[in-house]
Amino acid sequence: MSNQSRSTTPNDPWQVGDVTLHSRFLLGTAAYPSPQVLHDAIVAAGTEVVTVGLKRTLAAAGDNGFIAMIGAVLRERGARLLPNTAGCRSAREAVQLARMARELYDTPWIKLEVVGDEHTLQPDPFELLAAANELVRDGFVVFPYCTDDLVLCRRLLDAGCPLLMPWGAPIGSGQGLLNPFALRTLRERLPDATLIIDAGIGAPSHAAQALELGFDAVLLNSAVAHARDPVAMARAFSLAIEGGRAAWRAGVMAAQDFAVASTPVGGEPVLLGEAPSAGFA
């Protein structure tokens, strides 16, 4: 069975606007040991959405090899590019960079990132919302990278964002889902919203947990790029995401605060073992 068939489920699609997707694994492109490893990881992941930072691309000083490679693998896989505004510190800067990305990559999709704290790289909620409002009015399909704050998430949806990308933990930390309660609350309070966990995922089990909570997809980069074998790790994440989604659809049992016997015992006692003798009374 191919990696592509493992990582996609044709009978379980999801939507971004008018675009239908099947893979629930979105993959970043930074920090890979080589372009070939990145290419092979994208193939192993079976991803249909690949994100790239415009600032990093511009910092390549005119080297178009990376852009050409990304374009080739996207065409090969039938995948879509999701440019991002990583590194921006204000709404104005993010909007300018988004418009450059639209011209360069010919796509209205943009992953909107506006950093508010240099230590945690936590998104700035005020600048993020301001940028989202302007970009939606400008015709962008905005993927906002945000915290798990319910009120902010509602405001971003009200602004016209088709989905939300709350963090699981600080970006690149690999700590997993630090606040499952807040994430579970988002899923329960925003039942019709498309929710993608972005940032902080370090192991396939973290990705499976996100899908088991009912999130629609995950986006990650460092956990694959920094693995000893990025290609094998991409496949491991693909399988974990598929398993987590299958578990959500099957119905994960509710946790209990006390023991619950799997085989109920009631009424008369039952003796197990040899049959009683004829004279047993």
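Relevant structure appears above.
Heads up: these notes are all about the structure in this document.

Quick notes on the rules
- Residues numbered from 1 in each chain as written.
- Predicted model: local features only at pLDDT ≥ 70, side-chain atom pairs only at ≥ 80, totals over all residues.
- Heavy atoms only, no water.
- Salt bridge = Lys/Arg side-chain N within 4 Å of Asp/Glu carboxyl O.
- Helix = DSSP H or I, 4+ residues; strand = E, 2+ residues; numbered from the N terminus.
- Buried < 20%, exposed > 50% of the residue type's maximum accessible area, 1.4 Å probe, protein only.
- Phe/Tyr/Trp six-rings, centres within 6.5 Å; stacked < 30°, edge-to-face > 60°.
- Lys NZ or Arg CZ within 6 Å of the ring centre and 35° of its normal.
- Pairing = 2+ DSSP bridges.

1. A short note on the pattern of salt bridges
If the charged atoms of two oppositely charged side chains come close together, the side chains can form a pair.
Argument step 1. Evaluated as defined, the whole model comprises 10 salt bridges.
Argument step 2. Of the charged contacts, one joins Glu134 and Arg99 as a salt bridge, the two residues approaching to 3.3 Å between their closest N and O atoms. Residue Glu134 is found in helix α6 (residues 125-137), and its partner Arg99 is found in helix α5 (residues 91-105); the two are separated by 35 residues along the sequence.
Argument step 3. Among the residues examined, Glu134 registers a relative accessible area of 31% and is labelled partly exposed.
Argument step 4. Here Asp216 and Arg187 are joined by a salt bridge, their closest N and O atoms 3.1 Å apart. Of this pair, Asp216 sits in the loop between α9 (204-212) and β10 (217-220) while Arg187 sits in helix α8 (residues 180-189); the two residues are 29 residues apart in sequence, bridging distant segments of the chain. The same class applies to Asp216 as to Arg187, namely buried.

2. A few points about the packing of aromatic side chains
Argument step 1. The tally for this structure, following the rule as stated, stands at two aromatic pairs.
Argument step 2. Relative to Phe237, the ring of Phe25 has its centre 6.1 Å away and its plane inclined at 40°; by these criteria the two rings are tilted. Here Phe25 is found in strand β3 (residues 25-28), whereas its partner Phe237 is found in helix α11 (residues 230-250), with 212 residues between them in sequence. The exposure classification of Phe25 matches that of Phe237, with both residues buried.
Argument step 3. Between Trp109 and Phe143, the aromatic rings sit 5.1 Å apart at their centres with planes inclined by 50°, giving tilted as the arrangement. In this pair, Trp109 sits in strand β6 (residues 109-112) while Phe143 sits in strand β7 (residues 141-146), placing the two residues 34 residues apart along the sequence.
Argument step 4. Judged by its relative accessible area of 1%, Phe143 falls in the buried class.
Argument step 5. In this structure, Arg80 packs its charged tip against the face of Trp109, placed 4.4 Å from the ring centre.

3. Things to note about the pairing of β10
Argument step 1. Residues of β10 alternate between two faces, with Ala217 and Leu219 on one and Val218 and Leu220 on the opposite face, all of them buried.
Argument step 2. Two elements, strand β9 (residues 194-198) and β10, share three bridges in a ladder whose sense is parallel. The residue bridging Ile196 from the neighbouring strand is Ala217, located in β10.

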